[in-house]
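# A structural walkthrough
Chain residues, written in single-letter form:
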Amino acid sequence: MLDRLRTWLAAHHLSPVMILAATNIVFIVAFAVAIALFIQAQNAPVTPQVVVLPNESSATPANALATPVQAVQGLQVSVATLTPGPSPTAPTNPFDVGGTIAVALRRSARTHIWALTPGRTQLTRLTSGPWDDRDPAWSPDGNTLAFASNRSGSWDLYLLDMQTGAVTRLTNATGFESNPSWSPDGAYIAFESYADDNFDLYIVGAKGGFPIRVTRHPSPDFAPAWSPNGRSIAFVSYRGGGVNPDLYNFNLDEPDETKSVTRFTDTPEVAEDEPQWSKDGLLLLYSDSASPLNLVYTKLANAAGATAVESAQGHFPTWTPDGSSIVTTFNQNDREFVAAAGLGAWAAAPVAIPVEGKLGAISWTRASLPTELNGTLSEAAASTDSPPWTERIVNPTGNADTPYSLITIPDLRAPLPAFSDRVDESFTALRLRVITETGWDFLQVLDNAATTVDTRLDPGLPYESWSKAGRAFDVSQGAINDGWGVLMREEVGNRIYWRLWVRVRQGDGSLGEPLRRIPWDFRTRFSGDPVAYDNGGSYFPEVPHGYFIDFTALAEDYGWTRVPATDDWRLFYPGVQYWRYEYRGGLTWIEAMREIYSAKDVATATPFQTPTFTPSPTLSPTVTGTPTDTPTPTFTASKTPTNTYTPSNTYTPTTVSTRLGLPSATPKPSNTPTRTPTLSPTATLSPTATFTRAPIPSATPSATRTPLPSATP
C-alpha cells in the first residue's frame, strides 16, 4: 500500500511536504470558519421575552415611589433583530454625522437644556425658567426629550415633545428622581430614585403609570443605562464595598435580584460612572470620576475578565448616532468643549466645539430640530438669562489712589465682618441663594472674612492673603465638624482640591440631592490610627444618607472659587484650606490690595510671624494632645443648625491674628495681659437644633479686631 502511494506521488510529481502543507491549509480554513460562526452566534441579540419583576405587598412609604400592588407585573420590550456586521468607519469629522446634540448647560447660576446642531455655531435653548433642568436623554426616534428638573420643588422626570413643545411631568414623588434612560423601543424609561434613605433603580412607562422598582440593595444603585437588546440595564453601585463604585448589570429576564445582578468591573482604584452601551451592545463606555486625567474607558460587555481600554478623556461620555465615535465634555484652560473622536483615535487630535457655560450631560440623536419651534420651545429659545447679582459701589472714597473701601455686613458674624465694595453684593447674593437651596443660613457665621493689611498668618501660608484685600472668606469649620457639611477629595492635575457639600435642613427631597461619592473625614487623623494620621484623614465608611447641595459649584456661580491644598496638607492642617473661597476677578493680589489700600500701606506691612502670640480659646471640653474622635451626630430632617459664633476677639498690644487649625501642639501663651471683650448672645435660627459636638476644636481663626487704616491718599 505504501509502495502504491509512493508510485502515485512520483507519477504526479507530488512530494510528501506538499501534501502536508495542503492538509494544514484546509484545517486552518475550517477552524477560522468555525470561530466566525461561534462569534456570530454569541453576538446575536436575544429574542425579547416577558420579564416578571417582584412587587412589594407592604404599604408604600409616603416619600417613596408608588408601586402597584398586584400579583404579576410584566414588562414587554420589543426590539428589532439586528444583523451583525462590520463596525462603522468613523468619519474624519465625527460631527458630520449630523442630527442634534442635547446638552445640559449651566449659565447665570442655572442649568438648562440646550440643543447643539453640528455645523452651526449658535446653540438653541430648549428649556428656561427659575429652576434647574439637566440629564437630557433622547427617545429612540428623537421626537421626545426626557430630562430631570426641580421646577416643582423636588427633582422629577419630565418629557419634552419636540413637535408641540409641550412639557409633561412623568414622575411625581417627594423624593429624588434623575438620570432617565430609554428602552430601545421607546416604551419605558429607567431612572434612579432616592427614597427612604436608599438609592435604587426604577422603571416607568413612557406614557406614565406606576413606577416599577428594579433594585432593592441597601447600597446606592444609580446611573442606569438600558442595553440595545432591551434585556438588561447597566448601572453604578457600591454593593461591592470599597471607596469607589463599580459597574453592574441587571438581567431583566431574571426577577430574583440575587441572581439577576452580575458585576462588570472590580477595580478599587477606578470610580466607574456614567455608563453607556455601544450601538451593537458589545462595548460598555464609562468614565472614571476619580481620575485626575478625566479618563474614559471602554470594555467588552460579554467577555468575563476583559481588560478595560483607555479610550478618551472627559465627562458624560456617549456615542455618536452611528456608533463609530465617542463624545465627551471637558474643560481646558477654563473653557468648556464638546469633543468627539473615532473609537481608538482619541490619541490624535479630537474635534472639539467650544461652548460658553458649564457643561453637564449630553445626548445625541439622528433627528434634526423642527424648522419651527412651538410651545415652550419657542418661549425658551427667545428667553435671556438675568445676571445672578449686580455689584454696586455703595461707599466710593472719591480718591483715585484707593477708590474703594471695605463694607461691613451688619448681620454677618466674623472677626471682621466686611468685604471689599467690589465683591460684597456677590457674597450677599450667594448667601441668600444658599438659604434658598438649603433652608438655613450656612454663611451667617464665618471663621474669617476680611482681615487687616498687617495680619500675620500661620507659618507656611502665603503672605498674599486675599482676605487682606476683602476678597476671601473661610466657612465655619465648626459646622463641618458637626456634620452639616462633607468634603469630597478631588485630584485636578497634580493638586488636591476639596468639594464642599452642605446638608439641607429638610430631609424629604424638597431641597438638595443625594450624594454619589464617599466623603473625606479629617477627624480620623486624631483617632489614634497611624495610617489615617499619615494620610491626613481617611474616607467615610459609606456614602452618608440625606440631601445636600454642591456649595463649591454654587459659589463658583457667584465668582467665589476654592483654593487647592498645599503639598504638605497631610501633616500641616492649615494647608488643607477646604474652608477658603476667593474672589479674584482677574486681578493680581497687588491690584486687589491697591483698590482699598495705599501703596505705602501695602508696602510697609510686616510679612513675618511675630514670635509671641495669644492662643485661640479651646472648645469645652478641652482637648490635650491627640483628641478622641466621637461618632458623627444623627440628623433629623426637622433639625436646623444653630449658628454658634466660635471665634472670640482678643486684643493685645502686638496686634496679632492667627488661625489655628486642628492643633498639633499648644502654643506658649504670651505674658502680655489680654482683654477679652464681651460678645453679644449668639443668634439662633428657629427652630433650634441641638448638636453633639465632637471634642475636636474647630480650626477657627481668632483674628484680632483692629481698626482699619483710613483709606486716605
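Refer to the structure above for everything that follows.
Residues numbered from 1 in each chain as written. Predicted model: local features only at pLDDT ≥ 70, side-chain atom pairs only at ≥ 80, totals over all residues. Heavy atoms only, no water.

Moving on, we come to the side chain of Ser 426. Of note, Ser 426 is situated in helix H5 (residues 424–438). Separated by 2.6 Å, the side chain of Ser 426 and the backbone oxygen of Val 423 make a polar contact. If near-sequence neighbours (up to four positions away) are discounted, Ser 426 is found in contact with Trp 389, Glu 391, Tyr 558, Trp 560 and Tyr 583. (Helix = DSSP H or I, 4+ residues; strand = E, 2+ residues; numbered from the N terminus. Polar contact = N/O pair within 3.5 Å; in protein donor to acceptor, adjacent residues only side chain to side chain. Contact = heavy atoms within 4.5 Å.)

This part is about unusual backbone geometry. Within the chain, Asp 196 stands out as a residue other than glycine whose phi angle is a positive 60°. As for its position among the elements, Asp 196 is in the loop between strand S11 (188–195) and strand S12 (198–205). By relative accessible area, Asp 196 is classed as exposed at 51%. (Buried < 20%, exposed > 50% of the residue type's maximum accessible area, 1.4 Å probe, protein only.)

Further remarks concern the packing of aromatic side chains. Here the structure, examined in full by the defined rule, presents 37 aromatic pairs. Ring pairs connect the aromatic residues Trp 389, Phe 419, Phe 427, Trp 440, Phe 442, Phe 473, Trp 484, Phe 551, Tyr 558, Trp 560, Tyr 581 and Tyr 583, which therefore count as one cluster. The ring of Trp 155 has Arg 134 lying over it, and the distance from NZ or CZ to the ring centre is 4.3 Å. Across the ring face of Trp 520, the terminal group of Arg 489 is positioned such that the distance to the ring centre comes to 5.1 Å. (Phe/Tyr/Trp six-rings, centres within 6.5 Å; stacked < 30°, edge-to-face > 60°. Lys NZ or Arg CZ within 6 Å of the ring centre and 35° of its normal.)

This next bit is on the pattern of salt bridges. It is possible for side chains bearing opposite charge to pair when their charged atoms get close. Enumeration according to the criterion identifies 29 salt bridges in this entry. Asp 156 is the partner of Arg 169 in a salt bridge, and the nearest nitrogen-oxygen pair spans 2.6 Å. Of this pair, Arg 169 sits in strand S9 (residues 167–169) while Asp 156 sits in strand S8 (residues 154–161); the two residues are 13 residues apart in sequence, bridging distant segments of the chain. A salt bridge links Lys 358 to Glu 336, with the shortest nitrogen-to-oxygen separation between them at 3.5 Å. Taken as a pair, Lys 358 in strand S26 (residues 358–365) and Glu 336 in strand S24 (residues 335–342) lie far apart in primary sequence, 22 residues in all. Judged by relative accessible area, which is 48%, Lys 358 ranks as partly exposed. (Salt bridge = Lys/Arg side-chain N within 4 Å of Asp/Glu carboxyl O.)

Pairing is antiparallel in the open sheet, where four strands are placed in the order S29-S30-S37-S36. The open sheet has two edge strands with one neighbour each: strand S29 (446–448) and strand S36 (561–562). Examined bridge by bridge, S36 and strand S37 (residues 580–582) share two bridges and lie antiparallel to one another. Residue pairing across strands places Thr 561 opposite Glu 582, the latter belonging to S37. (Pairing = 2+ DSSP bridges.)

An order of S14-S15-S16-S17 is seen for the four strands of this open sheet, with the pairing classed as antiparallel. Sheet topology places strand S14 (221–226) and strand S17 (261–263) at the edges, where each strand pairs with a single neighbour. Here the average twist between neighbouring strands, direction ignored, is 30°. Bridge analysis of S14 against strand S15 (residues 232–237) gives four bridges, and the strand direction is antiparallel. (Axes fitted to C-alpha atoms, helices over the stretch in contact; angles between N-to-C directions.)

Within the secondary structure, Ser 183 is located in the loop between strand S10 (176–182) and S11. Here Ser 183 falls in the buried class, since its relative accessible area comes to 0%. For Ser 183, the side chain forms a polar contact with the side chain of Asp 185, separated by 2.6 Å. A distance of 3.3 Å separates a polar side-chain atom of Ser 183 from the backbone nitrogen of Ala 187. Setting aside its immediate chain neighbours within four residues, Ser 183 contacts Val 77, Pro 140, Tyr 188 and Trp 226.

Here we come to the nonpolar core. With 83 residues, the main nonpolar core has Phe 442, Phe 473, Phe 551 and Trp 560 as its most contacted residues. The greatest single-element share of this core, amounting to five residues, is contributed by strand S32 (residues 495–503). Ignoring sequence-local partners within four residues, the contact set of Phe 473 consists of Phe 419, Phe 427, Leu 430, Leu 443, Leu 446, Asn 448, Ala 449, Phe 551, Trp 560, Trp 579, Arg 580 and Tyr 581. Within the second largest apolar cluster, 15 residues are counted, among which are Ile 101, Leu 105, Ile 353 and Val 355. (Core = buried A, V, L, I, M, F, W, Y, C linked by side-chain atoms within 4.5 Å.)

Between its terminal C-alpha atoms H5 stretches 21 Å, which fits the 21 Å expected from 15 residues at 1.5 Å a residue. Here H5 lies mainly inside the structure; 11 of its 15 residues are buried. For H5, the set of buried residues is Asp 424, Glu 425, Ser 426, Phe 427, Ala 429, Leu 430, Arg 431, Arg 433, Val 434, Glu 437 and Thr 438. Directly beyond the C-terminal end of H5, a positive phi value near 85° is found at Gly 439. (Expected span 1.5 Å × (residues − 1).)

This next bit is on the pairing of S8. Of all the eight residues making up S8, seven are buried; the element is thus mostly covered by neighbouring parts of the structure. Pairing of strand S7 (residues 144–152) with S8, which is carried by seven bridges, proceeds in the antiparallel orientation. When the bridges of S8 are listed, Ser 152 appears paired with Ser 154. Taken together, S7 and the strand that follows it, S8, pair antiparallel across an intervening segment of one residue, in which Gly 153 is found at a positive phi of about 115°. Bridge count between S8 and S9: three bridges; the pairing is antiparallel.

It is worth spelling out the pairing of strand S19 (residues 283–288) at this point. Burial within S19 is extensive, with six of its six residues counted as buried. Residue alternation in S19 divides its side chains into two sets, Leu 283, Leu 285 and Ser 287 and Leu 284, Tyr 286 and Asp 288, and both sets are buried. As judged from the four bridges shared by strand S18 (residues 272–277) and S19, these two strands associate in the antiparallel manner. Bridge pairing in S19 links Trp 277 to Leu 284. Where S18 folds back on S19, the antiparallel hairpin that results is connected by five residues, among which Gly 281 adopts a positive phi of roughly 75°. Of the pairings in the sheet, the one linking S19 to strand S20 (residues 295–300) comprises five bridges and is antiparallel in character. Residue pairing across strands places Leu 285 opposite Thr 298, the latter belonging to S20. Between the antiparallel neighbours S19 and S20 lie six residues, among them Asn 294 with a positive phi of about 55°.

So yeah, pure geometry; function would need other evidence.
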